[in-house]
Amino acid sequence: MPLILASTSPRRRQLLADYGYGFSAVPPPVIREVTPAHLTPGETVLYNARTKAEAVAPRYPFDIVLGVDTLVACDGQIFGKPRSMEEALATLRRLNGRTHEVFSGVWLVHVGTRRQRGFIEVTRVRFRRLTIPRLRRYLERVNPLDKAGGYAAQEDDGELIERVEGSFTSVIGLPMEKLIDALRRFDGKRVALKARPAP
């Protein structure tokens, strides 16, 4: 079965390609990612991932559609994508020298067989303590406005991230380890896999 990624994220596309998956990327309609107070961070990302997948799936009833959402949480506060460089700096100052959690929600839909499956991945990330000028230089380098929490794990090289407990690919934007297992359970061996996972 073909795989459709309901996302425009270059990082998610790159991860799927690196792990050898054949897929097409189809952006969902404009969807407002919500963070309702009555939902936990895990419930929030799963809800948003399902909304994205279900917005695309009706157009591709014979394909598996993959929706993903990621956010950062620290001390009960949720950090999505910053709307400005000032907000990105405020977020990094809040996370500076501390441990936070990255929540990724994943939802798979196949309209033709009426199957759906979802899961949540939680990863703990510890930041080094950097000076404000270094944080500003970091933000100028990584373009934080399209990244949950305002930082780029895939471009970090140990500058900001001191330790990751859990899935590093989830911090980038797509928990590949659990996704591989979920796709196998969802559709056996029929999801197109072109090559072995990247080292």
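In what follows, the accompanying structure is described. (Residues numbered from 1 in each chain as written. Predicted model: local features only at pLDDT ≥ 70, side-chain atom pairs only at ≥ 80, totals over all residues. Heavy atoms only, no water.)

### As for the overall build of the chain
For clarity, the threshold we go by: Counting from the N terminus, the helices are DSSP H or I runs at least four residues long and the strands are E runs at least two residues long. Both definitions apply: the radius of gyration is a C-alpha atom measure, and the globule rule equals 2.2 Å times residues to the power 0.38. Whether a residue is buried, partly exposed or exposed follows from its accessible area with a 1.4 Å probe, protein chains only, as a fraction of its type maximum: under 20%, in between, or over 50%, in that order. Whether two residues are in contact is decided by their heavy atoms, any of which lying within 4.5 Å being enough. In this description, accessible areas are obtained by the Shrake-Rupley approach with a 1.4 Å probe, and a residue is regarded as covered only by the protein chains that are shown. By the counting scheme adopted, Arg and Lys are positive, Glu and Asp are negative, and His together with the chain ends is not counted. All charge positions are set by atom: Lys at NZ, Arg at CZ, Asp at CG, Glu at CD.
Regarding its fold elements, the chain presents six helices and seven strands. Sequence-ordered secondary structure for the chain, helices as α and strands as β, is β-α-β-α-β-β-α-β-β-α-β-α-α. What you see for the chain is a C-alpha radius of gyration of 17 Å, in line with the 16 Å of a compact globule of 199 residues. Principal axes of the C-alpha set define a box for the chain whose edges measure 50 × 40 × 25 Å. Within the span of the chain, comprising 199 residues, buried residues form 47% of the whole. A separation of at least 24 residues holds for 71% of the contacts in the chain among residues at least 6 apart in sequence. Total accessible area on the chain stands at roughly 10100 Å², and carbon and sulfur atoms take up 50% of it. Positive and negative side-chain charges of the chain, numbering 32 and 22 respectively, have mean locations separated by a distance of 2 Å.

### Regarding the layout of surface pockets
To keep things clear, this is the line we draw: A pocket, in this scheme, is an open set of points on a 1 Å grid over the protein atoms alone with protein on both sides within 12 Å along at least 5 of 7 lines, while a cavity is a set where a 1.4 Å probe fits but cannot get out; residues line either one if an atom lies within 4 Å of a point. Grid points are joined across faces, edges and corners, and a volume is the space filled by probe spheres set on the points.
In this model, the second largest pocket occupies a volume close to 190 Å³. The wall of the second largest pocket is formed by Ile78, Phe79, Gly80, Lys81, Arg83, Glu87 and Thr91. Among the elements of the structure, strand E4 (77-79) and helix H3 (85-95) are those that each provide at least two residues to the lining of the second largest pocket.

### Remarks on the environment of Leu3
Note on placement: Leu3 falls in strand E1 (residues 3-5). Using a relative accessible area of 2% as the deciding quantity, one classes Leu3 as buried. For Leu3 and Leu183, which are 180 residues apart along the polypeptide, the C-alpha to C-alpha distance reads 9.7 Å.

### Here we look at unusual backbone geometry
Negative phi values dominate among residues other than glycine, just as trans dominates among peptide bonds. In this model, Asp75 sits at a positive phi of 55 degrees, which is unusual for a non-glycine residue. With respect to the helices and strands, the residue Asp75 is situated in the loop between strand E3 (64-74) and E4. Residue Asp157 is not a glycine yet carries a positive backbone phi of 55 degrees. Relative to the elements of secondary structure, Asp157 occurs in the loop between helix H4 (132-142) and strand E7 (161-165). Judged by relative accessible area, which is 78%, Asp157 ranks as exposed.

### Describing the pairing of strand E5 (residues 99-110)
Basically, it comes down to this: By definition, two strands form a pair when at least two bridges between them are found by DSSP.
Along E5, 10 of the 12 residues are buried, which leaves the element largely enclosed by surrounding structure. Sheet topology note: the E3/E5 ladder contains nine bridges and is antiparallel. Considered in E5, the bridge of Gly67 is made with Trp107.

### Quick look at the packing of H3 against H4
Put simply, the rule reads: Think of each axis as a best-fit line through the C-alpha atoms, taken over the contacting stretch in the case of a helix, with angles from 0 to 180 degrees between the N-to-C directions. For classification purposes, an angle smaller than 35 degrees is called roughly parallel, one larger than 145 roughly antiparallel, one from 65 to 115 roughly perpendicular, and anything else oblique. Put simply, a crossing is left-handed when the front helix is turned counterclockwise from the back one by less than a right angle, and right-handed when it is turned clockwise. For this scheme, ten residues count as nonpolar: Ala, Val, Leu, Ile, Met, Phe, Trp, Tyr, Cys and Pro. Four count as charged, namely Asp, Glu, Lys and Arg, and the remainder, Gly too, count as polar.
Their axes nearest at 10 Å, the elements H3 and H4 cross at an angle of 130 degrees. Judged by the inter-axis angle, H3 sits oblique to H4. For the crossing formed where H3 meets H4, the hand is right-handed. In this structure, H3 contributes Met85, Ala88, Leu89, Leu92 and Arg93 to the contact, and H4 contributes Ile132, Leu135, Arg136, Tyr138, Leu139 and Glu140. Class assignment for the residues of the contact of H3 with H4 results in eight nonpolar, no polar and three charged.

### Considering the nonpolar core
Formally: Residues belong to one nonpolar core when they are buried, are Ala, Val, Leu, Ile, Met, Phe, Trp, Tyr or Cys, and are joined through side-chain atoms within 4.5 Å.
If you look at the biggest cluster of nonpolar residues, it comprises 41 residues, and the most contacted ones within it are Leu16, Leu66, Tyr151, Leu174, Met176 and Leu179. The element best represented in this core is helix H6 (residues 176-187), accounting for six residues. Membership of the second largest hydrophobic core comes to 10 residues, among which are Ala49, Ala53, Ala57 and Val65.

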